[in-house]
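Listed here are the chains, written in short residue letters.
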Amino acid sequence: MSKRCYYEVLQVARNASEAEIKKAFKRLAMKYHPDRNPDDKEAEEKFKEAKEAFDILSDPQKRSAYDQFGHAGVEGMGGMGGGTAGGGFSFSDIFGDVFSDIFGGGAGGGGSRAYRGSDLQYNLELELEEAVAGTTVRIQVPTLVTCGECGGSGARKGTTPKTCTTCGGHGQVRMQQGFFSVQQTCPRCHGSGRMITDPCGKCHGHGRIEERKTLSVKVPPGVDTGDRIRLAGEGEAGENGGPAGDLYVQIRVREHPIFQRDGNNLYCEMPVSFVTATLGGELEVPTLDGKVSLKIPPETQTGKQFRLRGKGVRPVRGGATGDLICRIHIETPVNLDNRQKELLRKFGESLESGGKRHNPREHSWLDGVKRFFEKMKL
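We now turn to the structure provided with this report. Computed from a predicted structure; not experimentally measured.

Our next topic: the sheet that holds strand 3 (residues 120-126). The strands making up a sheet associate through backbone hydrogen bonding, with each pair oriented either parallel or antiparallel. Reading across the sheet, the three strands line up as 3-11-10 and stay open at both edges, with mixed pairing between neighbours. Either end of the sheet is taken by a strand with one partner, and the two such strands are strand 3 and strand 10 (228-231). With strand direction ignored, the average angle separating the axes of adjacent strands in the sheet is 25 degrees. Here four bridges tie strand 10 to strand 11 (residues 247-253), and the two strands are oriented antiparallel to one another. Residue pairing in the sheet places I229 in a bridge with V249 of strand 11.

Let us look at the packing of aromatic side chains. Counted under the stated rule, the structure contains five aromatic pairs. A ring pair is formed by F25 and F47, whose centres lie 6.4 Å apart and whose planes are at 35 degrees; its orientation type is tilted. Of this pair, F25 sits in helix 2 (residues 18-32) while F47 sits in helix 3 (residues 41-57), placing them 22 residues apart in sequence. A relative accessible area of 2% places F25 in the buried class. Residue class for F47 comes out buried when judged on its relative accessible area of 9%. Both rings, one in F274 and one in F347, keep their centres 6.3 Å apart while their planes meet at 80 degrees; by these two values the pair is edge-to-face. Here F274, found in helix 7 (residues 274-279), pairs with F347, found in helix 8 (residues 338-352); they are 73 residues apart in sequence, far enough to count as distant. The exposure class of F274 is partly exposed, given its relative accessible area of 35%. Accessibility expressed as a relative area gives 35% for F347, which makes it partly exposed. Here the aromatic residues Y6, Y7 and Y66 are joined through ring pairs into a cluster of three or more. We note R228 situated over the ring of Y248; from NZ or CZ to the ring centre the distance is 4.2 Å.

Here helix 4 (residues 60-69) has its buried residues at K62, R63, A65 and Y66. Angular distribution of buried residues about the axis of helix 4 spans 160 degrees; they occupy a single face of the element. Of the exposed residues in helix 4, those oriented more than 90 degrees away from the buried face are P60, Q61 and Q68. Buried residues in helix 4 make contact with helix 1 (6-10), helix 2 and helix 3. Backbone geometry just downstream of helix 4 places G70 in the positive-phi region, at approximately 70 degrees.

The next thing to look at is the pattern of salt bridges. Within the structure shown, the criterion is met by 22 salt bridges. Note that R230 is salt-bridged to D246, the shortest N-O span being 3.0 Å. Of this pair, R230 sits in strand 10 while D246 sits in the loop between strand 10 and strand 11, placing them 16 residues apart in sequence. With its nearest N and O atoms 3.3 Å apart, the salt bridge here joins R345 to E342. In this pair, R345 and E342 both sit in helix 8, three residues apart, roughly one turn of the helix. What you see here is one network of salt bridges that share partners, running through R116, D119, R230 and D246.

Now for the sheet that holds strand 12 (residues 260-262). Pairing is mixed in the open sheet, where four strands are placed in the order 12-13-17-16. Among the strands making up the open sheet, the edge pair consists of strand 12 and strand 16 (305-308). In this sheet, neighbouring strand axes are inclined to one another by 30 degrees on average, regardless of whether the strands run parallel or antiparallel.

The terminal C-alpha atoms of helix 2, which comprises 15 residues, lie 21 Å apart, in line with the 21 Å expected from a rise of 1.5 Å per residue. Turning to helix 2, its buried residues are I21, K22, A24, F25, K26, L28, A29 and Y32.

As for its placement among the helices and strands, R194 is situated in strand 8 (residues 194-195). From its side chain, R194 meets the backbone oxygen of S153 in a polar contact 3.0 Å long.

Quick notes on the rules
- Residues numbered from 1 in each chain as written.
- Predicted model: local features only at pLDDT ≥ 70, side-chain atom pairs only at ≥ 80, totals over all residues.
- Heavy atoms only, no water.
- Pairing = 2+ DSSP bridges.
- Helix = DSSP H or I, 4+ residues; strand = E, 2+ residues; numbered from the N terminus.
- Axes fitted to C-alpha atoms, helices over the stretch in contact; angles between N-to-C directions.
- Phe/Tyr/Trp six-rings, centres within 6.5 Å; stacked < 30°, edge-to-face > 60°.
- Buried < 20%, exposed > 50% of the residue type's maximum accessible area, 1.4 Å probe, protein only.
- Lys NZ or Arg CZ within 6 Å of the ring centre and 35° of its normal.
- Arc of directions from axis to C-beta.
- Contact = heavy atoms within 4.5 Å.
- Salt bridge = Lys/Arg side-chain N within 4 Å of Asp/Glu carboxyl O.
- Expected span 1.5 Å × (residues − 1).
- Polar contact = N/O pair within 3.5 Å; in protein donor to acceptor, adjacent residues only side chain to side chain.

Okay, here's the thing in structure tokens:
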């Protein structure tokens, strides 16, 4: 499988500055680092790919060779080697800079790293009326919260975690592979820099416990399917004093028996009797805030639309309220008795005597069909 362009991997332009390259790598490292994605092979591969791209593009000499000859020009020059990683920064310098942003501590600074808690998502279903008017909903979310027994330390009350004897509290160990020196997560403490010899009986050394939180979610008026409400700090609790993640409430609006929503407008289909459509009349139309009277003019056809201004949805981000658009559907009479059928036959005969005057669209369509067949015979 061919390698991707290093600039594409880091999502930067070819003329990107050293600072932009470093910033791009930090962003990808925060997202894909194995410590934040345990047992995720895809994330691990993406991290390795980003690290390799950074190693090349952060070194002026290697970058110049890559710009001229592509991957062939830097074959054997990238990877997780020791020494200088480019731009005057050693690998450990970059590692400490990058992962202090992620975990709240330097790679070689000792002590426990703080991990931000994971974000959570909750799918919330609403009725159309609730979505349009806004509402407040109480939800229960299963999550991880800081253990109250040990205060999140993971150690039994009255004891404290010990410094990891393998990494000396750094959370990282350096391993020699031939000519290369590779810095990896400590296999004993898994990057925490500490060991718990007497774990808390409630959380079993994890520092967090599962719990169902009840939250009140204020849904603003005008939300629609696909909108998200962010509740900052209501996700999973962080580890070792790290900040909690966020909770994202994903909105889904249920189908409505009368109205269909399209953006800020509402649509409804109104069945109208043959007599009302022909002679005209008034109909009561439902809206989300009450009934209104709609005047149907004589000779109304199927598909005719009537717009009720301001009877739609006020957008969640502000702006003018949409409209309610009523589509007319003329209903053909059913279950007629013999007398009604005979009356209709006589009525039809009276229409035929008027020629095209009573059914201009029908005759126009039939004329078009006739011309089509005549053309096909040529």
